[in-house]
Every structure is written in C-alpha cells, then in structure tokens.
Amino acid sequence: KSVRIRDRLLAWLRSREGKGLEILRVAREVAWAYAPNEFEAVLEEFLAIREHRPRFNVVHRRSRRFAWVRLTGEAAPRLVATLNPGSGVTRRGGRREERLFGPFPARKDLPRVLVELARTLGLRDCAAGTPIHFADQSDLLGVLLPPVLAPLCPRAEMGSCPGPCAALCSEAAYREGVEAAVEFLEGRSDLPLERLEMRMAQASRESAFETAARLRDRRDRLEALR
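Values in this document were obtained by computation on a predicted structure and should not be read as measured data.

Conventions and cut-offs
- Residues numbered from 1 in each chain as written.
- Predicted model: local features only at pLDDT ≥ 70, side-chain atom pairs only at ≥ 80, totals over all residues.
- Heavy atoms only, no water.
- Helix = DSSP H or I, 4+ residues; strand = E, 2+ residues; numbered from the N terminus.
- Buried < 20%, exposed > 50% of the residue type's maximum accessible area, 1.4 Å probe, protein only.
- Phe/Tyr/Trp six-rings, centres within 6.5 Å; stacked < 30°, edge-to-face > 60°.
- Pairing = 2+ DSSP bridges.
- Axes fitted to C-alpha atoms, helices over the stretch in contact; angles between N-to-C directions.
- Patch = residues over 30% accessible without salt bridge, like charges linked within 9 Å, V, L, I, M, F, W, Y side chains within 5 Å.
- Areas by Shrake-Rupley, 256 points an atom, 1.4 Å probe, with all protein chains shown as cover.
- Salt bridge = Lys/Arg side-chain N within 4 Å of Asp/Glu carboxyl O.
- Parallel < 35°, antiparallel > 145°, perpendicular 65-115°, else oblique.
- Left-handed = near helix turned anticlockwise from the far one by under 90°.
- Contact = heavy atoms within 4.5 Å.
- Core = buried A, V, L, I, M, F, W, Y, C linked by side-chain atoms within 4.5 Å.

*Asks:* Go over unusual backbone geometry, please, and point to the residues and values.
*Replies:* The amide bond that connects Gly102 to the next residue, Pro103, takes the cis arrangement and shows omega of 10°. The phi angle at Arg53 is positive, at roughly 50°, despite the residue not being glycine. With respect to the helices and strands, the residue Arg53 is situated in the loop between helix 3 (38-52) and strand 1 (66-71). Overall, Arg53 belongs to the partly exposed group, its relative accessible area being 45%. A positive phi angle, close to 55°, is found at Ala167, a residue other than glycine. Summarising the element assignment, Ala167 is placed in the loop between helix 5 (154-158) and helix 6 (171-185).

Next comes the structure, spelled out in structure tokens:
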C-alpha cells in the first residue's frame, strides 16, 4: 500500500537481494486497486493477507479478533461493544435503527472505556430493558409525565447519568449527547477530551490531585480509543 504506488513498485522492481529479489522471482503479474483513504487501504491489505496468507507477509497472518462499537437504536441509545458487526433484530423481526463504528482491537477494556465515554457525554449505560421516560414525554392521554420519577440506579441519584429513566432530562438534551458520541467516534470532535481536561484543571485548582489523576487516566483511555 502506498500513496505513490509508482514509487513503491519501483522500489520492489529495483531489488537485487533478499525478500525483494525473491518476490520478483516468483511474481507473475502486477495489479493495483484504488482506495479512497489510507485507513481503507490498510484494512483492504489486512483482509487480503488474511485470505491469501502469502508467505512474504507474516505480521497480519495470525488470527486477531476485532470488536465494533454499537450505538443502539433504543429510545435512549447506549454505547455497546460487540464482536458481531451485524445489526440487531427487533422482537417483530425488523432491523434496529442503530449505528456501528469500528473495527477496534477486541481488548478486554473496551466495554469499560465505552462506559467512561458514556458518562463523560451524559449517556446511560444501564440494561437494555430499562423503561425510558423523558421529561418532555406525554402519556397516552397527552398529559406530561411528572417532572421527577424515582431513579432506577445510583448514577441517576448522584447526577452522573442524565436519568432518562426518571424523566430527569428531555429527549432533545439526551440526543445532544448521542450526537456528541457520534462525532467523537467518527473523529470529527474532541468534546469528551475537552470536558475531561476542563475537569482536570478544576480539580487541580482545588488541590484534588487524586481526582485529577483519575480524570487524566480516563482522558488517556478515550484518546487511545479515538
């Protein structure tokens, strides 16, 4: 793979020893394909090596597991790590309106990092079956729900979750966090990192150095995810 394929081919064709000379000895054809960006070129190369297992490429021949980040299609979407990039199926057999980001290396800490991203942006990380009641949601008779219902988890009680289970936030406010997550996972925004850096600075000014260190570690993990 190369941005300037002509230079890359000439480098191989001029080989006089070692691996380059052996490739020229066994090669019978040269073909190339265009990729719209460098990331896709890397991914295409990886998939080709996995399929054909050429003896000249040893780094990517071993089996590696990858994971995807799923933004669920629920009323209050969640960020979920999954090994299956296929879309989920609803109870009625339809497809969920969800989004996938990846692939990412399937590390054990990916679910934890997604929880930290959700908490930084004000998204829930509770179970899928949690009932959702937004503050601007009406009942079947068109009557607005009570402004406060009983929170269903400690996060909502402590204020680290916007509390869509207890009508503590509006749907529009929650969607802002969802859009911020999408922009971050697409590489178009650094809002989560900026929020954590602001909280780190505030903790340092208040001499809460242990809190600042925890925020720094969280920021580093989110930066690695990006």
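*Asks:* I'd like a rundown of the packing of aromatic side chains, residues and numbers included.
*Replies:* Taken as a whole, this structure holds 2 aromatic pairs when the rule is applied. On the numbers, 5.4 Å between centres and 80° between planes, the contact of Phe46 with Phe66 is edge-to-face. With Phe46 in helix 3 and Phe66 in strand 1, this residue pair connects regions lying 20 residues apart in the sequence. Seen in terms of ring centroids, Phe134 and Tyr174 are 6.1 Å apart; in terms of plane orientation they differ by 55°. Their pairing is tilted. Of the two residues, Phe134 sits in the loop between helix 4 (110-121) and helix 5 while Tyr174 sits in helix 6, which places them 40 residues apart along the sequence. In terms of burial, Phe134 and Tyr174 fall into one category: buried.

*Asks:* Describe the sheet that holds strand 3 (residues 99-105), listing the residues and the values that go with them.
*Replies:* Strands sit in the order 2-1-3 across an open sheet of 3 strands; the sheet is antiparallel. The open sheet is flanked by strand 2 (79-82) and strand 3, the only strands paired with a single partner. Each strand axis lies, on average, 25° off the axis of its neighbour in the sheet, ignoring direction. Bridge count between strand 1 and strand 3: 5 bridges; the pairing is antiparallel. Bridging across to strand 3, Ala67 finds its partner in Phe104.

*Asks:* Describe a nonpolar patch on the surface, listing the residues and the values that go with them.
*Replies:* A cluster of nonpolar side chains, namely Ile5, Val30 and Trp32, defines an oily patch on the protein surface of about 350 Å² accessible area. With respect to the helices and strands, the residue Trp32 is situated in the loop between helix 2 (18-26) and helix 3. A relative accessible area of 66% means that Trp32 is categorised as exposed.

*Asks:* Which residues make up the packing of helix 7 (residues 191-205) against helix 8 (residues 209-225), and what are the values?
*Replies:* Packing of helix 7 against helix 8 leaves a shortest axis separation of 8 Å and a crossing angle of 165°. By the angle class used here, helix 7 and helix 8 are roughly antiparallel. Where helix 7 crosses over helix 8, the two elements pack in a sense that is left-handed. Between helix 7, through Pro192, Leu193, Leu196, Glu197, Arg199, Met200, Ala203 and Ser204, and helix 8, the contact on the second element is made entirely by Phe209, Thr211, Ala212, Leu215, Arg216, Arg218, Arg219, Leu222 and Glu223.

*Asks:* Account for the nonpolar core, with residues named and values stated.
*Replies:* For soluble globular proteins, the rule of thumb is that nonpolar side chains tend to be buried together. Within the largest apolar cluster, 30 residues are counted, with the highest numbers of intra-cluster contacts made by Leu79, Leu117, Leu185 and Leu225. Elements supplying a minimum of two residues to this core: strand 1, strand 3, helix 4, helix 6, helix 7 and helix 8. Here the element with the most residues in this core is helix 6; it accounts for 7 residues. In this structure Leu185 touches Val69, Leu79, Phe101, Leu117 and Leu225, once residues within four positions along its chain are discounted.

*Asks:* Can you lay out the pattern of salt bridges for me, pointing to particular residues and giving the numbers?
*Replies:* The final tally for this structure, using the stated rule, is 18 salt bridges. Where Glu45 meets Lys1, a salt bridge forms, and the shortest distance between an N and an O atom there is 2.9 Å. Of this pair, Glu45 sits in helix 3 while Lys1 sits in the segment before helix 1 (5-13), and the two are 44 residues apart along the sequence. Classification of Lys1 as partly exposed rests on a relative accessible area of 48%. As a salt-bridge pair, Arg216 and Asp217 come within 3.1 Å of each other at their nearest N and O atoms. Of the residues examined, Asp217 reaches a relative accessible area of 31% and is grouped as partly exposed. Counted as one network, the salt bridges with shared partners bring together Arg4, Arg6 and Asp7.

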